[in-house]
Amino acid sequence: MPIATVNPANGETLKTYEAMDEEELERRLRLAEATFRTYRATAFADRARLLNRAADLLDEDRAEIARVMTTEMGKPVQQARAEAAKCAKAMRWYAEHAPELLADERPAESDVRDSGASHALVRYRPLGPVLAVMPWNFPLWQVVRFAAPALMAGNVGLLKHASNVPQTALYLEDLFHRAGFTEGCFQTLLIGSGAVDEILRDERIKAATLTGSEPAGRAVASTAGEMVKKTVLELGGSDPFVVMPSADVDRAAEVAVTARVQNNGQSCIAAKRFIVHSDVYDRFAERFTEGMKALKVGDPLEEETQVGPLASEQGRADLEELVDDARRGGATVLCGGERPDGPGWYYPPTVLAGLGREMRIHREEAFGPVATLYRAADLDEAVLIANDSPFGLSSNVWTRESAEVDRFVRDLEAGGVYVNGMTASHPAFPFGGVKRSGYGRELSGHGIREFCNITTVWHGA
């Protein structure tokens, strides 16, 4: 895949870039290793000052970088501005909270004495250069939610971004440099995916994080396992959105539309499978389908647009295959389901009902504005349908019954359970999944400690 900005609204190639050669890659790896030796010893206050400055600059650049993101991958421009604002917020959050999240831990005095020590502690130390392999769908946020905690922990980062968002990738490198971070603290590697394996095998790379597809995650995890290196993987998701009879059904249907089509439906944590109790199924299906039909699809640079094009021609083709397979299997198309005429990689908001387990869309992630509707007879069946997926990233539950909430929290196989609301990431809460959605956590204290050497310090009596 070429490293290029191709506008998904019209298919026009705007900029192309040459991949870095081996000499430049070697220079950057040497620089990362050398920078880490000194950066790891900087004070939290100094790191926080730099990260807060990066947040200020990002706020100043918000309108400009939002247009770049929209032009590169097609998200509605108002959502792109919100993404930039969210990144600045996360930077400030980690600048403020990293000292307490990584503070020395003191074991109980009785345990210290029992170990034969005069005193002991647990200290969090940085690992070194971390390789980040990041996707195009949230081209700022996916990187910042790695970079902010990694830099505050004293690590340095090397970014291999998706090949269709090179301008955003280069902007991120420039942003951290302008904020005052030395050149080797955060570097963008303009390389193809084929170069990742060799870089990950380099002894100077101490760990890796990947957000992306399951095949990409398998490849990185395999190499990292062979090299005995720490990894964090956030892969696909096919999140359930469960609606029970006690729920505010109209509100649930309204939120469901946003939960499905956020980022043009190209989000791992977007709700994709809507599992509705039989008692309220018809009402929800009607409201939800009406809401999906009413969405404005169009030029993502126009302020009123709610759904823009998919990021790539192949992505649209993959989505069409899933819909066509379901249709051939007997699924009912309640709205959408047909590619529109005209330029760009658009696909309409689509709702499918009457799904069967043999259909591909039942098992595979639909990465675009396509929703699947399931009818559940009771709570037990709702849980069974929700868990009948290879993925386990997040989940949404709508009910006013506390006993039902307890049951869903206990039994849903997911990294998050959001009750009477849609899944959304926040720097204070851990983010990640189970099953084929990956392992490890980003954000919160759990995320910042993923790439730390958790060190026991013991002093004899």
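This text follows the structure it describes.
In what follows, the accompanying structure is described. Small disclaimer: the values here were computed from a predicted structure and weren't measured.

Structural notes on empty space enclosed by the protein
Summed over all chains, the structure comprises 4 cavities of 30 Å³ or more. Of the pockets and cavities examined, the largest cavity occupies roughly 100 Å³. In terms of lining, the largest cavity is formed by 13 residues, of which the most central are Arg145, Phe146, Pro149, Gly447 and Phe451. Elements that contribute at least two residues to the lining of the largest cavity include exactly helix H5 (141-152) and helix H15 (444-449). Among the elements that line the lining of the largest cavity, the one with the most residues is H5, at 4 residues. When grouped by side-chain class, the residues that make up the lining of the largest cavity number 7 nonpolar, 2 polar and 4 charged. Counted as a void, the second largest cavity has a volume near 80 Å³. Together, 17 residues line the second largest cavity, and Pro240, Phe391, Gly392, Ser394 and Glu413 are the ones closest to its centre. A class-by-class count of the residues in the lining of the second largest cavity yields 6 nonpolar, 7 polar and 4 charged.

Structural notes on the pattern of salt bridges
Opposite charge on two side chains allows them to pair when their charged atoms are near. On inspection of all chains with the given rule, the structure shows 40 salt bridges. The salt bridge partner of Arg201 is Glu226, with a shortest N-O separation of 3.1 Å. You can see Arg201 sitting in helix H7 (residues 196-201) and its partner Glu226 sitting in helix H8 (residues 214-227), a full 25 residues away along the chain. Looking at Arg201, the relative accessible area reads 30%, which means it is partly exposed. Residue class for Glu226 comes out exposed when judged on its relative accessible area of 53%. Between Asp324 and Arg327 there is a salt bridge, and its shortest N-O distance comes to 2.9 Å.

Section: the sheet that holds strand E13 (residues 370-376)
In space, the 7 strands of this open sheet follow the order E11-E12-E13-E10-E9-E15-E16, with mixed pairing throughout. Both edges of this open sheet fall to strand E11 (332-335) and strand E16 (418-419), since each of them pairs with a single strand only. Contacts between helix H13 (residues 379-387) and the sheet are confined to strand E9 (239-243), strand E10 (271-277) and E13, with E13 contributing the most and set at about 145 degrees to the helix.

Points about the pairing of strand E12 (residues 350-353)
Burial along E12 is two-sided: Thr350 and Leu352 and Val351 and Ala353, pointing in opposite directions, are all buried. Bridge analysis of E11 against E12 gives 3 bridges, and the strand direction is antiparallel. If you follow Thr332 over to E12, its bridge partner there is Ala353. Pairing of E12 with E13 involves 4 bridges; the strand directions are parallel. Bridging from a neighbouring strand, Val351 pairs with Ala371 of E13.

Considerations on the layout of surface pockets
If a probe as big as a water molecule is rolled over the atoms, it shows which places are left empty. Taken as a whole, the largest pocket spans an internal volume of roughly 1,400 Å³. Considering the residues around the largest pocket, the lining is formed by 47 residues, among which Pro135, Trp136, Gly212, Ser213 and Ala216 are closest to the centre. If you list the elements that add at least two residues to the lining of the largest pocket, you get strand E1 (3-7), H7, strand E7 (207-211), H8 and helix H11 (313-328). The residue inventory of the lining of the largest pocket, partitioned by class, reads 24 nonpolar, 15 polar and 8 charged. Here the second largest pocket is characterised by a volume of approximately 380 Å³.

Brief notes about the side chain of Glu173
Inspection of the secondary structure assignment puts Glu173 in helix H6 (residues 166-179). Here the side chain of Glu173 touches Thr188 through a polar contact of 2.8 Å, landing on its backbone nitrogen.

Thoughts on the packing of aromatic side chains
Applying the stated rule across the entire model yields 11 aromatic pairs. On the basis of an interplanar angle of 80 degrees and a centroid distance of 5.8 Å, the ring pair of Trp136 and Phe367 is categorised as edge-to-face. Taken together, the residues Trp136 in the loop between strand E4 (129-133) and H5 and Phe367 in the loop between helix H12 (360-363) and E13 connect sequence positions 231 residues apart. Every member of this aromatic cluster is reached through a ring pair, and the members are Phe241, Phe274, Phe284, Phe288 and Trp398. The side chain of Arg47 reaches across the aromatic face of Phe44, ending 5.1 Å from its centre. A cation sits over an aromatic face here: Lys230 above Phe451, 6.0 Å from the ring centre.

How each quantity is defined
- Residues numbered from 1 in each chain as written.
- Predicted model: local features only at pLDDT ≥ 70, side-chain atom pairs only at ≥ 80, totals over all residues.
- Heavy atoms only, no water.
- 1 Å grid on protein atoms, 1.4 Å probe; cavity = no way out; pocket = protein on both sides within 12 Å on 5 of 7 lines; lining within 4 Å.
- Points joined across faces, edges and corners; volume = space filled by probe spheres on them.
- Helix = DSSP H or I, 4+ residues; strand = E, 2+ residues; numbered from the N terminus.
- Nonpolar A, V, L, I, M, F, W, Y, C, P; charged D, E, K, R; others polar.
- Salt bridge = Lys/Arg side-chain N within 4 Å of Asp/Glu carboxyl O.
- Buried < 20%, exposed > 50% of the residue type's maximum accessible area, 1.4 Å probe, protein only.
- Pairing = 2+ DSSP bridges.
- Contact = heavy atoms within 4.5 Å.
- Axes fitted to C-alpha atoms, helices over the stretch in contact; angles between N-to-C directions.
- Polar contact = N/O pair within 3.5 Å; in protein donor to acceptor, adjacent residues only side chain to side chain.
- Phe/Tyr/Trp six-rings, centres within 6.5 Å; stacked < 30°, edge-to-face > 60°.
- Lys NZ or Arg CZ within 6 Å of the ring centre and 35° of its normal.

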